[in-house]
Structures are given as C-alpha cells and as structure tokens.
Amino acid sequence: MNILVINCGSSSLKFQLINAETEEVKAKGLCERIGIEGSVISYTPAGGEKEVTQSPMPTHTEAISLVLAALTNEKTGVVKSLSEIGAVGHRIVHGGEKFASSCVITDEVQKTIEECSDLAPLHNPANLIGVNACKELMPGVPMVAVFDTAFHQTMPEKAYIYALPYEYYEKYKIRRYGFHGTSHGYVAGRTAAFLGRDITELKTIVCHLGNGASVSAVNGGKCVDTSMGLTPLEGLYMGTRSGDLDPAILEFIANKEGKSISEITSILNKKSGVLGMSCGLSSDFRDLQEAYEAGNPAAIRAMEAYCYKVAKVIGSYVAALNGVDAITFTAGIGENSGFVREKVCAYLGYLGITLDAAANAKRGDEMEITTPDSKVKVLVIPTNEELAIARDTYALVK
Ligand code: AMP
C-alpha cells in the first residue's frame, strides 16, 4: 500500500509517498509560499531529477491538487491513478492529553484536534487545513493523525507538572507536553535495534538537535521526561528559540524596551537561541562552526553555551533514569556535526564515555561513535519522521 505523508504548515507543505510494505520512498517534495505570491512546488520522484515549478496556490487545496497531479503525472509520476494511494498520514503537532497514540481521523477526532488548537495556535489549525484539503480531494481515503506530543504522554506527573498554582493545570491543561515525539520514538526504537537489545530493558537519552531541539529520557521504550514544554520554546537553546530562561526576564524586557508580552515572545522564538547569542551571526551551525574555527568570539560564545546546555540536560536525564545505557544524537546538527557531539561528550567523561574520534568524524548512516570499552554507548541515528508516520498509518489502516 502507498501512503501519502503530509506535513502541513501555515504556508508550506512537505510530502512523501512511501510504499508501506517495502518502505521505499517513491517521491517527495515541498510546496512553499502557499497563499502568498510566488508559490512554488518542488517534486522529486525516486531515482529522478528534482523539478521546481512556479504555480499559483491560493490555498492548501490547490497545493495538494498540485501534489496529486505531480504524483500521477504521465511522465514523471510514480502512480497511475489516485486509487493507488491507500491512506494519508498527517503530522499533527499537538494532541494535548487527548491523544497518546496515532489514530484514524473521524469527525470526532477532528473535533478533538480542533480543541487542542488552543495549545498550538500556529500549528494545529494549519495541520487541519491539510486534513480538510486531502478529504476534499481524496474522498473515502482513510486519513491518520500522528501527533508530535503522543510519545511523551507516558511521562509521569512529577515530570510534566509545572510548579504553578494547580488550578492552571486543571483549568487550562498547562503542563509539559514535549514535541518531536515521532522522532524520539523512532530513534529510541532504532537505538535498541542497532545495539541488538530489547527496548524494554534499555535506558536511552535521545538528543534531537535540529533547528528546533529537544532531549528525551526513554526508559524501556517509554518516555519519562523531555525538555520541551507546553510549547516548543522550552528547554535547549535552539537555532532562534531561547529555550530555558528566568520567566521574570519577560517583565524586565517589557519595562525596559516598552514591548508587549507577544512582541517579547516573538523575540524569544525568532531572534534568540544561537542566533541571538551570536549577535545575529547565524542560526545555522555550519556558519557558526566556521566562524568558531576562525576565532569569532560571538560564534564561540553561542557554540560553547549551546553544547554546555545540551550536556547539562543529558546529565539531568541520567539522574531521571538512574543510569543510562545509550545516548543517541539525531536531526540536522545531531547527525551532521561531529564538532557539537564531541563538545557535548567532553562533559560526559564521568559516565565512562570515551569517544572514538575517527568514528565521530564520519557522516551518513547509523553508527556508534564510542570505543568498544566505553561504559555508555553513544550513537548517531538519522531520524525519519516520515517513515514513522507511514508505519503508524499503515498499522492503523491495513
Ligand atoms: P533540522 O531542523 O533537523 O533540519 O536541522 C537543521 C539544522 O541542522 C541547520 O540549521 C543546521 O544548523 C544543522 N546542520 C545541517 N547540516 C549540518 C552540518 N553539516 N554541520 C553542522 N550543522 C548542520
């Protein structure tokens, strides 16, 4: 069965068509600037050339229409007709406390996802636009929701509760939810498989270090803690997000700069993190590493603070798990930056970790980057959220 995986944002839409039995990616692509002038779709069939086409996309329905036309195109398409698409898997950012696993989208499920929009006002409505557009263009094809928050729903109360008046949890469900759950779950599973261990007996710390970044503590395959919170702003320092800070800073900046809370929240989301600490140099770790090596003090400050913070969160999760068997790096920075991995692991010698410098310098597939005598294994596992979404979708509809 072919599964169409859709990750729909407010003005963009990423897609992949995956054969669920062979797990082959038959085609993938991206629609950008939906609802804005200059919309463009890029489409790459397996083994073929990437095509980039400008085409008006006033709404997501036109964008998905173009995706379906590309997939069924006589020359470059990968299926003969839409009947060869068995189901659609949608990435949904926030499932609140309502969804602890993926599920088939019924009217009731859709209503509940809408109710969770309060918790993710930028993401859930955009995700639902994608669901509605697919329903309109592919009537009768089952749709599945795969939530970023679901994997973290196993966290115990002591990990998810904030030290606020309890009524805010009761009234508004303000608590830690965590994100990147599809990635954390997939990578924790691959970590056990790579080590040839039973996941139910393994303590793993997964470091998803991308433009957004989070760490999770996974005990026996279940998440027991994670660094993102009610929103993806908490935790590690990220590309442009501040991560943890003293909440009183908001009022302090508001008074000093005459800014509103929403203006400051926008600064915390878009102008902070390594971008902010490096005086606006870059949010991209390739640029930061180059500048660091050239001795740029702003890049050195941002990189040192970033790696120190990752190591501190890992240390706290070693305590949460009361030990650790494996630490796994994933996502853009985690998979590609041996530089960041080495700096983070330099703080973890007390765990008996010894890095294999030659292995850490490599890039590519799943690999171990510690020496055979290292007490804790450190791995690099490329994440694959689309495949995880396709697997969940297939499991629910086959
Ligand atoms: P993601 O959000 O997982 O796509 O990760 C994107 C981030 O990965 C980029 O902003 C870069 O900072 C980082 N990245 C990608 N490739 C490399 C690389 N070769 N070295 C260092 N960082 C990289």
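All of these numbers come straight from a predicted model, not from anything done at the bench. (Residues numbered from 1 in each chain as written. Predicted model: local features only at pLDDT ≥ 70, side-chain atom pairs only at ≥ 80, totals over all residues. Heavy atoms only, no water.)

Another point: the overall build of the protein. When its secondary structure is counted, the protein shows 15 helices and 14 strands. Oriented by its inertia axes, the alpha-carbon framework of the protein measures out at about 60 × 55 × 45 Å. Buried residues in the protein amount to 48% of all 398 residues. The contacts in the protein between residues at least 6 apart in sequence include a share of 61% that link residues at least 24 apart. Accessible surface, the protein as shown: approximately 18200 Å² in total, 52% of it carbon and sulfur. Between the mean site of the 37 positive side-chain charges and the mean site of the 46 negative ones, the protein shows a separation of 3 Å. (Helix = DSSP H or I, 4+ residues; strand = E, 2+ residues; numbered from the N terminus. Buried < 20%, exposed > 50% of the residue type's maximum accessible area, 1.4 Å probe, protein only. Contact = heavy atoms within 4.5 Å. Areas by Shrake-Rupley, 256 points an atom, 1.4 Å probe, with all protein chains shown as cover. Lys, Arg positive; Asp, Glu negative; His and termini not counted. Charge placed at Lys NZ, Arg CZ, Asp CG, Glu CD.)

To continue, consider the nonpolar core. Ile205, Leu209, Tyr306, Ile314, Ile327, Val340 and Val344 are the most contacted members of the largest nonpolar core, which has 46 residues in total. If you list the elements that add at least two residues to this core, you get strand S9 (203–209), strand S10 (213–219), helix H10 (285–293), helix H11 (297–321), strand S12 (326–330), helix H13 (338–345) and strand S14 (377–380). The dominant element in this core, judged by the number of residues it contributes, is H11, at twelve residues. The next biggest cluster of nonpolar side chains, apart from the first, holds 37 residues, and it includes Leu17, Ala63, Val131 and Phe147. (Core = buried A, V, L, I, M, F, W, Y, C linked by side-chain atoms within 4.5 Å.)

Next up on the list: the site of the ligand. In the neighbourhood of the ligand, the contacting residues comprise Gly210, Asn211, Asp284, Phe285, Arg286, Ala331, Gly332, Ile333, Asn336, Ser337 and Arg363. Here an oxygen atom of the ligand and a backbone polar atom of Asn211 are 2.9 Å apart. Contacts to the ligand include Gly332, whose backbone N or O atom sits 2.9 Å from an oxygen atom. Here the ligand, which alone exposes 500 Å², has 72% of that area covered by the protein. (Near = heavy atom within 4 Å. Polar contact = N/O pair within 3.5 Å; in protein donor to acceptor, adjacent residues only side chain to side chain.)

A word on the packing of helix H2 (residues 107–115) against helix H3 (residues 124–137). The geometry of H2 relative to H3 is characterised by a closest axis approach of 10 Å and an angle of 155 degrees between their N-to-C directions. Taken together, the axes of H2 and H3 lie roughly antiparallel to each other. Considering only the axes of H2 and H3, their crossing is left-handed. Residue-level contacts link Asp107, Gln110, Ile113 and Glu114 of H2 to Asn124, Leu128, Val131, Asn132 and Lys135 of H3. A breakdown of the residues in the contact of H2 with H3 according to their chemical character gives three nonpolar, three polar and three charged. (Axes fitted to C-alpha atoms, helices over the stretch in contact; angles between N-to-C directions. Parallel < 35°, antiparallel > 145°, perpendicular 65-115°, else oblique. Left-handed = near helix turned anticlockwise from the far one by under 90°. Nonpolar A, V, L, I, M, F, W, Y, C, P; charged D, E, K, R; others polar.)

Bringing the packing of aromatic side chains into the picture now. Summed over all chains, the structure comprises seven aromatic pairs. Note on Phe99 and Phe147: the rings are 4.3 Å apart at their centroids and 10 degrees apart in plane angle, and the pair reads as stacked. Placement of Phe99 in the loop between strand S6 (85–92) and strand S7 (103–104) and of Phe147 in strand S8 (residues 143–147) is noted, with a sequence separation of 48 residues between them. For the pair shown, Phe99 and Phe147 are each scored as buried. Seen from their ring centres, Tyr308 and Tyr347 are 5.6 Å apart, and the 55 degrees between their planes marks the pair as tilted. In this pair, Tyr308 is assigned in helix H11 and Tyr347 in the loop between H13 and helix H14 (357–360), connecting sequence segments 39 residues apart. Given the relative accessible area of 41%, Tyr308 is considered partly exposed. Its relative accessible area of 37% is what places Tyr347 among the partly exposed residues. (Phe/Tyr/Trp six-rings, centres within 6.5 Å; stacked < 30°, edge-to-face > 60°.)

The next point concerns the pairing of strand S3 (residues 25–32). Pairing analysis gives six bridges linking strand S2 (residues 13–19) to S3, with the strands arranged antiparallel. Across the sheet, residue Lys14 finds its bridge partner in S3, namely Leu30. Counted between consecutive antiparallel strands, the loop separating S2 from S3 contains five residues, among which Glu23 sits at a positive phi close to 65 degrees. By the bridge criterion, six bridges tie S3 to strand S4 (residues 40–45) in an arrangement that is antiparallel. Pairing of Gly29 across the sheet is with Tyr43, part of S4. (Pairing = 2+ DSSP bridges.)

Next up on the list: the pattern of salt bridges. Applying the stated criterion across every chain, the model contains 15 salt bridges. The partner of Glu234 in a salt bridge is Arg176, with the nearest N and O atoms 3.2 Å apart. Note that Glu234 is positioned in the loop between strand S11 (222–226) and helix H7 (248–257) and Arg176 in the loop between helix H5 (166–172) and helix H6 (181–195), a separation of 58 residues in sequence. Given the relative accessible area of 23%, Glu234 is considered partly exposed. According to the relative accessible area criterion, Arg176 is buried, its value standing at 11%. Across the salt bridge formed by Glu366 and Arg190, the nearest N and O atoms sit 2.8 Å from each other. (Salt bridge = Lys/Arg side-chain N within 4 Å of Asp/Glu carboxyl O.)

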